[in-house]
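Residue strings, one per chain:
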Amino acid sequence: MGNKQVKQHFETAKKTGVLKISLLRLDEFPSALKTFPNVLRTLDISENRFTVLPEDIAKFTILKHLNASGNKIAVVPDCVGTLVKLETLNMMNNLLTSVPRSLSNCVHLKSIILSNNQINTFPTMFCDLKHLDLLDLSRNKITEVPPEVKGLQVTELNLNQNQITVVAEAIADCVKLKTLRLEENCLQISAIHSRILSDSKVCNLCVDGNLFNSKQFNELPGYDAYMERYTAVRKKIS
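Here the structure is a predicted model, which means the values were calculated and not measured.

**Some points on the overall build of the chain**
For the chain, the helix and strand inventory stands at five helices and eleven strands. Principal-axis analysis of the C-alpha atoms gives the chain an extent of 65 × 35 × 30 Å. Within the span of the chain, comprising 238 residues, buried residues form 47% of the whole. Nonlocal contacts in the chain, meaning residues at least 24 apart in sequence, comprise 34% of its contacts between residues at least 6 apart. If you sum the accessible surface of the chain, you get close to 11,700 Å²; carbon and sulfur atoms cover 51% of it. If you average the places of the 29 positive and of the 24 negative side-chain charges in the chain, the two averages end up 8 Å apart.

Written as structure tokens, this is what we have:
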């Protein structure tokens, strides 16, 4: 796209605090970003051809919403951890293999979407985020849900379409977790711990497409207690 169109987006952003330069086929960040004033609350660079996030992003200290989905970014730079006011982070459909520990500094994060990347280890730094409500790690290469997961404050955890074989029993201790998505993984029936069914707050447990059938799931200890929670929520909705 022409520089004129990009320039117009920047001019608008100075007034609104919202810079949206998505779907412009950009592979390099506009030089204007280097000298841009610290007024951005929303930065949307989705659906371009970026391979890196620029270090310049660190200066936008009042940024609340960052959407870098649909690019070719392989690394999240440590400097993103300086964006301490960040509330939503969307980097789905990239090439990420991991995320930096510095993201634990973004204590106001409420929604993190990292679906469809190459992440192979559960990012435990998110377990320290007290305001996090949604964590979407679907369509990655995670193989294990570790005991640290008990610190998560989310109401929804999406781990669909990974390669998970182990889910720590400690996930039952998540104080707010209502929806747990584990569809299309590599779980044996023995990996579904009875405490998740009997002792947790989970009322929507999605496990289709694993290495067991629904009859085996229905016969697990604690299934009746889980179904009571599931039914109670459905009654509230209807």
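What follows continues from the structure just given.
**Considerations on the nonpolar core**
Ranked by size, the top nonpolar core spans 72 residues in total, and within it Phe126, Leu157 and Leu205 carry the most contacts. Among the secondary structure elements, those contributing two or more residues to this core are helix H1 (3-16), helix H3 (194-198) and helix H5 (223-237). The element best represented in this core is H1, accounting for three residues. With residues up to four places along the chain from it excluded, the contact list for leucine 157 reads Phe122, Leu135, Val149, Leu152, Ile171, Leu177, Thr179, Leu180 and Arg181.

**Description of the sheet that holds strand S10 (residues 179-181)**
Spatial ordering of the open sheet is given by S1-S2-S3-S4-S5-S6-S8-S10-S11, a layout of nine strands whose pairing is parallel. A strand with exactly one partner marks an edge of an open sheet, and here the two such strands are strand S1 (18-20) and strand S11 (204-206). With strand direction ignored, the average angle separating the axes of adjacent strands in the sheet is 5°. Strand direction decides the pairing type here: strand S2 (residues 42-44) and strand S3 (residues 65-67), joined by three bridges, are parallel.

What counts as what
Residues numbered from 1 in each chain as written. Predicted model: local features only at pLDDT ≥ 70, side-chain atom pairs only at ≥ 80, totals over all residues. Heavy atoms only, no water. Helix = DSSP H or I, 4+ residues; strand = E, 2+ residues; numbered from the N terminus. Buried < 20%, exposed > 50% of the residue type's maximum accessible area, 1.4 Å probe, protein only. Contact = heavy atoms within 4.5 Å. Areas by Shrake-Rupley, 256 points an atom, 1.4 Å probe, with all protein chains shown as cover. Lys, Arg positive; Asp, Glu negative; His and termini not counted. Charge placed at Lys NZ, Arg CZ, Asp CG, Glu CD. Core = buried A, V, L, I, M, F, W, Y, C linked by side-chain atoms within 4.5 Å. Pairing = 2+ DSSP bridges. Axes fitted to C-alpha atoms, helices over the stretch in contact; angles between N-to-C directions.

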